[in-house]
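# Chain and residue survey
Now for the letters of each chain:
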Amino acid sequence: MPCPGDLDETCRTTNCVQFGHPADQSALLPCLHRFHSQRGLNVRFSEDKTVATRVSSFADGLIFSANPLRPNELFMVEIVQNDLGWNGHLRIGITQSDPEKRKEFPRFALPNLVAEGLSWVYTLDRSEVDEELGDALTLPAGKFHKLLRDAPWGSRLNIEFLQPKRRSPGSVAARHTGSRRNSHNGDAHNESQACLIDDPTNTSCCSPTPSLETLDSATSEGSRVGIFYSQVGLDFAFLYFVVNGECRGPFPFELQAGPLFVVCDVYGQTKTVRIVPLYEVPTLQSLCREVITGSVDDLKELLLPRKLIRFVSYEYPAT
């Protein structure tokens, strides 16, 4: 099933602002999430571009969604493997920098990609907002579930997949602060040293972006981290993050013309991430049934075989 972002240039550039291309009903369907083939130098893909691994160093791990993110569409990854030889963790956000149009990528999402403009990236591993503000930015489950369900494809969302299947005890990765030896080349680095390599004036290690760490296991293997946005008018939106089933936000940002892509930085201790398949992609058979029932008031007018009428009427599965 093709993703709506692949339908035509109009759908791609408008980011399906109106919840889909009006001339094509497939734009209202859930998208098969994949990573874009364009990525950082140290990233390798597997399993049909649903798994991304940083094969060396601590940087050059930028990855993007293959298609633009639509309003109220959740894109989620699971941390599959950590490498304790580094400090720092996964960064996630959205960008209007189309990976297809780039010839090269910065080494880091923070601060390099963000410094280019039109990118909003957050980190998982620092507590830079106090508990009171953190509580205020936690959206109740019922409210953010409704935001996701209100999208045309929201009825196919598997809410139970938002929770991690497992969590590593003690969250060693999330709390490690000392220098550790890298398993690839024997060099010792901590996060601040890694940040300073490209830019001596870089202050991203103490940047004022909000922390998303609501659980000790937010950066542990098995943790699930997602992102979506809700649009308000044509030039304003709210960004939300889902960390192990808990929604943080809203974080307001201004929209410019053009598509929005998810961007992840497989950075530091985070070594491998995989896309969590949140949406049930319907079969051709079920799509035909939905089109028929949505277009015809009386099925008898179609003069279809009785067995097919019963199937379209949801009386029993087709055999």
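Residues numbered from 1 in each chain as written. Predicted model: local features only at pLDDT ≥ 70, side-chain atom pairs only at ≥ 80, totals over all residues. Heavy atoms only, no water.

## Section: the pairing of strand 12 (residues 246–254)
- In this structure, strand 7 (residues 138–139) lies alongside strand 12, joined through two bridges in antiparallel fashion. Pairing of Thr138 across the sheet is with Arg248, part of strand 12.
- Inspection of the sheet shows strand 11 (residues 236–243) paired to strand 12 by seven bridges, in the antiparallel sense. Its bridge partner lying in strand 12, Phe238 is registered against Pro252.
- Count of turn residues in the strand 11/strand 12 antiparallel hairpin: two residues, of which Asn244 carries a positive phi of about 50 degrees. (Pairing = 2+ DSSP bridges. Helix = DSSP H or I, 4+ residues; strand = E, 2+ residues; numbered from the N terminus.)

## A few points about the sheet that holds strand 11
- An order of 1-2-14-4-10-11-12-7 is seen for the eight strands of this open sheet, with the pairing classed as antiparallel. Each edge of the sheet is formed by a strand with only one pairing partner; in this case those strands are strand 1 (43–46) and strand 7.
- Looking at chain direction, strand 4 (residues 75–82) and strand 14 (residues 270–275) are connected through five bridges and run antiparallel. In the sheet register, Val77 faces strand 14, and the bridge partner there is Ile275.

## A word on unusual backbone geometry
- The omega torsion across Leu110 and Pro111 is 5 degrees, close enough to zero to call that bond cis.
- Within the element layout of this structure, Pro111 appears in helix 2 (residues 109–115).
- The linkage connecting Gly249 with the following residue, Pro250, adopts the cis geometry, with an omega of 10 degrees.
- Topologically, Pro250 is positioned in strand 12.
- Positive phi, normally seen in glycine, also occurs at Ser57, with a value near 60 degrees.
- The topology assignment puts Ser57 in the loop between strand 2 (51–54) and strand 3 (62–64).
- By relative accessible area, Ser57 is classed as buried at 17%.
- Phi is positive for Asn72, close to 60 degrees, though the residue is something other than glycine.
- Within the element layout of this structure, Asn72 appears in the loop between strand 3 and strand 4.
- Taking relative accessible area as the criterion, Asn72 reaches 7% and is therefore assigned buried. (Buried < 20%, exposed > 50% of the residue type's maximum accessible area, 1.4 Å probe, protein only.)

## Digging into the sheet that holds strand 3
- Reading across the sheet, the four strands line up as 3-13-5-6 and stay open at both edges, with antiparallel pairing between neighbours. Two strands in the sheet have a free side with no partner beyond their single neighbour: strand 3 and strand 6 (119–123). If you compare each strand with its neighbour and ignore which way they point, the axes differ by 20 degrees on average.
- Strand direction decides the pairing type here: strand 5 (residues 91–95) and strand 6, joined by five bridges, are antiparallel. (Axes fitted to C-alpha atoms, helices over the stretch in contact; angles between N-to-C directions.)

## Considering the environment of Leu162
- With respect to the helices and strands, Leu162 occurs in the loop between helix 4 (141–149) and helix 5 (172–175).
- For the pair Leu162 and Leu74, spaced 88 residues apart in sequence, the C-alpha separation works out to 9.8 Å.
- Dropping the residues within four chain positions of it, Leu162 is found in contact with Leu74, Met76, Phe144, His145, Arg224, Asn244, Gly245 and Leu278. (Contact = heavy atoms within 4.5 Å.)

## Observations regarding the environment of Lys165
- If you trace the backbone, Lys165 turns up in the loop between helix 4 and helix 5.
- For Lys165 and Arg224, which are 59 residues apart along the polypeptide, the C-alpha to C-alpha distance reads 8.8 Å.
- Sequence-distant contacts of Lys165, that is, excluding residues within four places in its chain, are made with Glu78, Gly222, Arg224 and Arg274.

## Side note on the packing of aromatic side chains
- For the coordinates displayed, the defined rule picks out 14 aromatic pairs.
- Judged by centre distance (5.8 Å) and plane angle (10 degrees), the rings of Phe35 and Phe45 are stacked. In this pair, Phe35 is assigned in the loop between helix 1 (9–14) and strand 1 and Phe45 in strand 1, connecting sequence segments 10 residues apart.
- The buried category is assigned to Phe35, whose relative accessible area is 2%.
- Ring centres 5.3 Å apart and planes at 85 degrees place the aromatic pair Phe236 and Phe238 in the edge-to-face group.
- Residue Phe238 is classed as partly exposed on the basis of its relative accessible area of 26%.
- By way of ring pairs, the aromatic residues Phe58, Trp86, Phe108 and Tyr267 are connected into one cluster.
- Across from the ring centre of Trp153, 3.6 Å away, lies the NZ or CZ of Arg70, which sits over that ring. (Phe/Tyr/Trp six-rings, centres within 6.5 Å; stacked < 30°, edge-to-face > 60°. Lys NZ or Arg CZ within 6 Å of the ring centre and 35° of its normal.)

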